[in-house]
Amino acid sequence: MKKQTAEHGRRAFLKSSLAFGAVSMVAPVTSVAAVSEIEDEFKVIAGPCLQTSFNNAISVLWVTNKNAASWVEYGLSPNNLDKKAYGKSEFGLKPIGTINVVQLNNLQPGANYYYRVVSKEIKEFQPYKLTYGTVLNADVQSFINTDTNKAEVNFVMLNDIHDRPQSIPTLLDLDKGTKHDFVFFNGDIFDYQTNEPQIIDHFLQPCTNAFAKNIPFVYVRGNHETRGKYCRELPQYFASVGYDAFTLGPVRFVILDTGEDKEDTHPVYAGIVDFDEYRREQAALLKKEIESRAFKKAKFRVVMMHIPPRFSGEAHGPLHCTEVFEPLLNRGKVDLVLSGHTHRYKIHQPGEGPNQYPLVIGGGPKEGARTLTKVRITPNELTLKLIKDDGTEVGSYSIKK
Ligand SMILES: [Fe+2]
């Protein structure tokens, strides 16, 4: 990881403060006790963040520093959180642990909800006696459960952040005035997966601070998120990381996970990946989707995938994406494909190659190459603007129906 985490930074600060205290003879003994007490305190270390695939459901994600039994209290008034939801039970057991993903279901369309995450520390877990510790009641937050029949949809896309958490608020600030239905992360938020502090400090917490307590994100994995020793743990921190499809207003959205960019047999993967098969599975889901009623009757069809289905070089992954996805994108008369991966923002017109769909690729991670992709869809028009990190508009596209 390139940057020191907030937690590590805090520890280092506390340690250096203590060292200074010892030298200057300022109550070192009580300070040590106080510090270890602070470090040991049961607390939420990330979130809450919201993630959704709409359809009157939303997931609340948060992480605690110690094992806990957790739930979400929610309702239509901040003074009456009369409903309670838990994480998904498996084999009759409610989940306990530090990573919490709780889905709220059957929400009222368009309603403003209030919610609070609650975690009850598990002090001791004996076979016939479980001892709870502190109960954490987080602050009450709110969100609007998006009415999927709404006429107008607004969202922004961020892509290829590559372990630069400051880019999240910086790019979102470029479209401060707009009320977004969601923020879409189109992969490669990280360089590779190392550990939990990286996921918290470089994604969950910057999102919580910027918007995600109140506005949901939609996320799909990029090729870099399939790398590193912690990549198999990554999905635990999300409600969804791969294929998804949902209707919002006049749009059917389809999200594809495009996997890795090199051959599965490449030495860097050491024989432990299987992305050709995975992409074929994603393509089978896309095939089913384009034959569905929801897809066919939607006024606009938008596909979002990290590796572009064309125009991203001759590596195996991109070429395999062209092979398995492009015929379906053409056959499904997709109105727009949104991608990242190349680190060069670009708008490709339909017909530029064998693609019958327009392809918009967001920029790269470095200052001057970063973009925010703004999309607004009304019943008759889809408009897209590519905004560079200095606020200038560097591209636009629109489709009228
Ligand atoms: Fe990528």
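Residues numbered from 1 in each chain as written. Predicted model: local features only at pLDDT ≥ 70, side-chain atom pairs only at ≥ 80, totals over all residues. Heavy atoms only, no water.

A.B. asks: Can you walk me through the overall build of the protein chain in this structure?
C.D. replies: Looking only at helices and strands, the protein chain features seven helices and 19 strands. Relative to a compact globule of 401 residues, whose C-alpha radius of gyration would be 21 Å, the protein chain shows 23 Å and is just as compact. Its C-alpha atoms give the protein chain principal-axis dimensions of about 75 × 45 × 45 Å. Across the protein chain, contacts joining residues at least 24 apart in sequence account for 69% of those joining residues at least 6 apart. When the accessible surface of the protein chain is split by element, carbon and sulfur atoms take 52% of a total near 18500 Å². (Helix = DSSP H or I, 4+ residues; strand = E, 2+ residues; numbered from the N terminus. Rg over C-alpha atoms; globule rule 2.2 N^0.38 Å. Contact = heavy atoms within 4.5 Å. Areas by Shrake-Rupley, 256 points an atom, 1.4 Å probe, with all protein chains shown as cover.)

A.B. asks: What exactly am I supposed to notice about the sheet that holds strand 13 (residues 300-305) here?
C.D. replies: Adjacent strands of a sheet form backbone hydrogen bonds with each other and so pair up, either parallel or antiparallel. The strand order across the open sheet built from six strands is 11-12-13-14-16-15, with neighbouring strands paired in mixed fashion. Strands with a single pairing partner mark the edges of an open sheet, and in this sheet they are strand 11 (244-248) and strand 15 (346-348). Along the sheet, successive strands turn relative to each other by an average axial angle of 15 degrees, direction set aside. Judged from the six bridges that link them, strand 12 (residues 251-256) and strand 13 form a sheet pairing that is parallel. Residue Val254 lies in a different strand from strand 13, and its bridge partner there is Val303. In this fold helix 5 (residues 275-290) packs onto strand 11 and strand 12, with an angle of close to 165 degrees to the strand it touches most, strand 12. (Pairing = 2+ DSSP bridges. Axes fitted to C-alpha atoms, helices over the stretch in contact; angles between N-to-C directions.)

A.B. asks: What am I meant to see in the layout of surface pockets here?
C.D. replies: Size it by volume and the largest pocket reaches roughly 470 Å³. Residue lining of the largest pocket: 21 residues in total, with Gly87, Lys88, Pro95, Ile99 and Val101 positioned closest to the centre. When contributions to the lining of the largest pocket are tallied by element, the ones reaching two or more residues are strand 2 (58-75) and strand 4 (96-104). The element best represented in the lining of the largest pocket is strand 4, accounting for eight residues. Broken down by class, the residue content of the lining of the largest pocket amounts to 10 nonpolar, eight polar and three charged. (1 Å grid on protein atoms, 1.4 Å probe; cavity = no way out; pocket = protein on both sides within 12 Å on 5 of 7 lines; lining within 4 Å. Points joined across faces, edges and corners; volume = space filled by probe spheres on them. Nonpolar A, V, L, I, M, F, W, Y, C, P; charged D, E, K, R; others polar.)

A.B. asks: Sorry if this is basic, but what is going on with the side chain of Thr146 here?
C.D. replies: Looking at the element boundaries, Thr146 is found in the loop between strand 7 (141-144) and strand 8 (153-158). If sequence neighbours within four positions are ignored, Thr146 has contacts with Phe54, Asn56, Gly110, Asp181 and Leu248.

A.B. asks: What exactly am I supposed to notice about the coordination of the iron ion here?
C.D. replies: Metal coordination angles have textbook ideals: 109.5 degrees for a tetrahedral set of four donors and 90 or 180 degrees for an octahedral set of six. For the iron ion, the full set of protein donor atoms is Asp188 (OD), Asn223 (OD1), His306 (NE2) and His341 (ND1), and the range of their distances to it is 2.1 to 2.3 Å. Considering all four donor atoms around the iron ion, angles at the metal cover 88 to 175 degrees and the coordination shape is irregular. (Donors = N, O, S within 2.8 Å, 3.2 Å for Na, K, Ca; no water. Tetrahedral: all angles 85-135°; square planar, octahedral: opposite > 155°, others 65-115°.)

A.B. asks: Can you help me understand the nonpolar core in this one?
C.D. replies: Within soluble globular proteins, side chains that are nonpolar generally end up buried alongside one another. Among the nonpolar cores identified, the biggest contains 29 residues, and Leu158, Phe185, Phe203, Leu204 and Phe217 are the most heavily contacted of them. Breaking this core down by element, the ones donating at least two residues are strand 1 (44-51), strand 2, strand 8, helix 3 (167-172), strand 9 (182-186), helix 4 (196-212) and strand 10 (217-220). Considering each element in turn, this core owes the most residues, seven residues, to helix 4. Shared between two domains, this core takes at least three residues from each, and those domains are domain 1 (44-144) and domain 2 (153-400). If you look at the next biggest cluster of nonpolar residues, it comprises 27 residues, including Phe54, Met157, Phe253 and Val360. (Core = buried A, V, L, I, M, F, W, Y, C linked by side-chain atoms within 4.5 Å. Buried < 20%, exposed > 50% of the residue type's maximum accessible area, 1.4 Å probe, protein only. Domains from an automatic or database assignment.)

A.B. asks: Please explain helix 5 as it appears in this structure.
C.D. replies: Since the α-helix turns once every 3.6 residues, residues separated by three or four places project in the same direction. Relative to the 22 Å expected for 16 residues at 1.5 Å per residue, helix 5 spans 22 Å between its end C-alpha atoms, a close match to the ideal helical length. Every buried residue of helix 5 is listed here: Phe275, Asp276, Arg279, Gln282, Ala283, Leu286, Glu289 and Ile290. Down the axis, helix 5 shows its buried residues gathered within 130 degrees of arc, on one side only. Against the buried residues of helix 5 lie strand 11, strand 12, helix 6 (293-297) and helix 7 (316-331). (Expected span 1.5 Å × (residues − 1). Arc of directions from axis to C-beta.)

A.B. asks: It is not clear to me how empty space enclosed by the protein should be interpreted in this structure. Could you clarify?
C.D. replies: Over the atoms, a rolled probe matching the size of one water molecule traces out where space is still vacant. In the structure shown here, the tally under the stated rule is two cavities of 30 Å³ or more. Roughly 40 Å³ of internal volume is contained in the largest cavity. As for the largest cavity, its lining consists of Asn159, Asp160, Ile161, Ser167, Leu171, Gly363, Gly364, Pro365, Arg370 and Thr371. Looking at the lining of the largest cavity, its residues break down into three nonpolar, five polar and two charged.

A.B. asks: Would you take a moment to explain the domain arrangement of the protein chain for this structure?
C.D. replies: A common measure of how large an interface is: the accessible area buried when the components associate. On domain assignment, one finds that the protein chain holds domain 1 (44-144) and domain 2 (153-400). Taking only C-alpha atoms into account, the centre of domain 1 sits 28 Å from that of domain 2. Each partner contributes residues to the interface: domain 1 has 22 residues there, and domain 2 has 24 residues. With both sides pooled, the region where domain 1 packs onto domain 2 buries about 1800 Å², and carbon together with sulfur makes up 60% of that total. Together, Gln51, Phe54 and Ile99 form the three largest contributors to the area buried by domain 1 at its contact with domain 2, with a combined 32%. (Buried area = accessible area lost by both parts, 1.4 Å probe.)

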